[in-house]
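Residue-level structural notes
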Amino acid sequence: MTDTEITKACADAMGLKLSTISNAKVYIFDAMGFQQFYQPLHNDAQAMALVKKFGLAIDTPLPNGEIDVNSQTSHCRSTDINRAICQCDAKMQAEK
């Protein structure tokens, strides 16, 4: 999956209203109707919102620096915690 596909899957999972997808960037409308850049791969608060909404489990880092993120149906591993969270969420969305 590309970063854009992962980000779009995360936005869909959060029930966010997509504004546009252009130049590999995903934009959403916020609660006040303003266009905002959505980037959970790089925004810790947006990634943590996915963890809380879907009850993801984050394991302690492995010796190689990778972090496991697990849901009831998905498992992802990456050295970047936000990437592992987003990939796990995107996998869950793809399985639906």
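Check the entry above for the structure.
A few points on the structure. Counting of residues starts from 1 at the beginning of each chain's written sequence and follows it residue by residue. Given that the model is predicted, a residue must reach a pLDDT of at least 70 before its local features are reported, and side-chain atom pairs must reach 80 or more before they are shown or counted; all residues, however, enter totals for whole chains, interfaces and linings. No hydrogens and no water enter the side-chain calculation; it runs on all heavy atoms of the structure.

**A few points about the pattern of salt bridges**
Our working definition: We define a salt bridge as a contact between a side-chain nitrogen of Lys or Arg and a carboxyl oxygen of Asp or Glu at a distance within 4 Å. Secondary structure is summarised from DSSP: a helix means a run of H or I of at least four residues, a strand means a run of E of at least two, and numbering begins at the N terminus for each. When a residue's accessible area, from a 1.4 Å probe over protein chains only, is under 20% of the maximum for its type it is buried; when over 50% it is exposed; and in between it is partly exposed.
The final tally for this structure, using the stated rule, is three salt bridges. The salt bridge involving Lys8 is made with Asp12; its shortest N-O contact spans 2.9 Å. With Lys8 and Asp12 both in helix α1 (residues 3-13) and four residues apart, this pair spans about one turn of that helix. The exposure class of Lys8 is partly exposed, given its relative accessible area of 32%. The residue Arg77 makes a salt bridge to Asp68 at a minimum N-O spacing of 2.7 Å.

**Side note on the sheet that holds strand β3 (residues 35-38)**
In a beta sheet, neighbouring strands pair by backbone hydrogen bonds and run either parallel or antiparallel. Worth spelling out the cut-off: For two strands to be treated as a pair, DSSP must find no fewer than two bridges joining them. Axis angles are defined between N-to-C directions and span 0 to 180 degrees, where every axis is a line fitted to C-alpha atoms and, for a helix, only to the segment in contact. Contacts were defined at the residue level, with two residues in contact if any of their heavy atoms lie within 4.5 Å.
Strands sit in the order β1-β2-β3 across an open sheet of three strands; the sheet is antiparallel. Among the strands making up the open sheet, the edge pair consists of β1 (17-22) and β3. Strand-to-strand, the axes of this sheet are offset by a mean angle of 35°, without reference to chain direction. In this structure, strand β2 (residues 25-29) lies alongside β3, joined through four bridges in antiparallel fashion. Looking at β3, one finds that Val26 is bridged to Tyr38. Seen against the sheet, α1 touches β1, β2 and β3 and runs at an angle of roughly 170° to β1.

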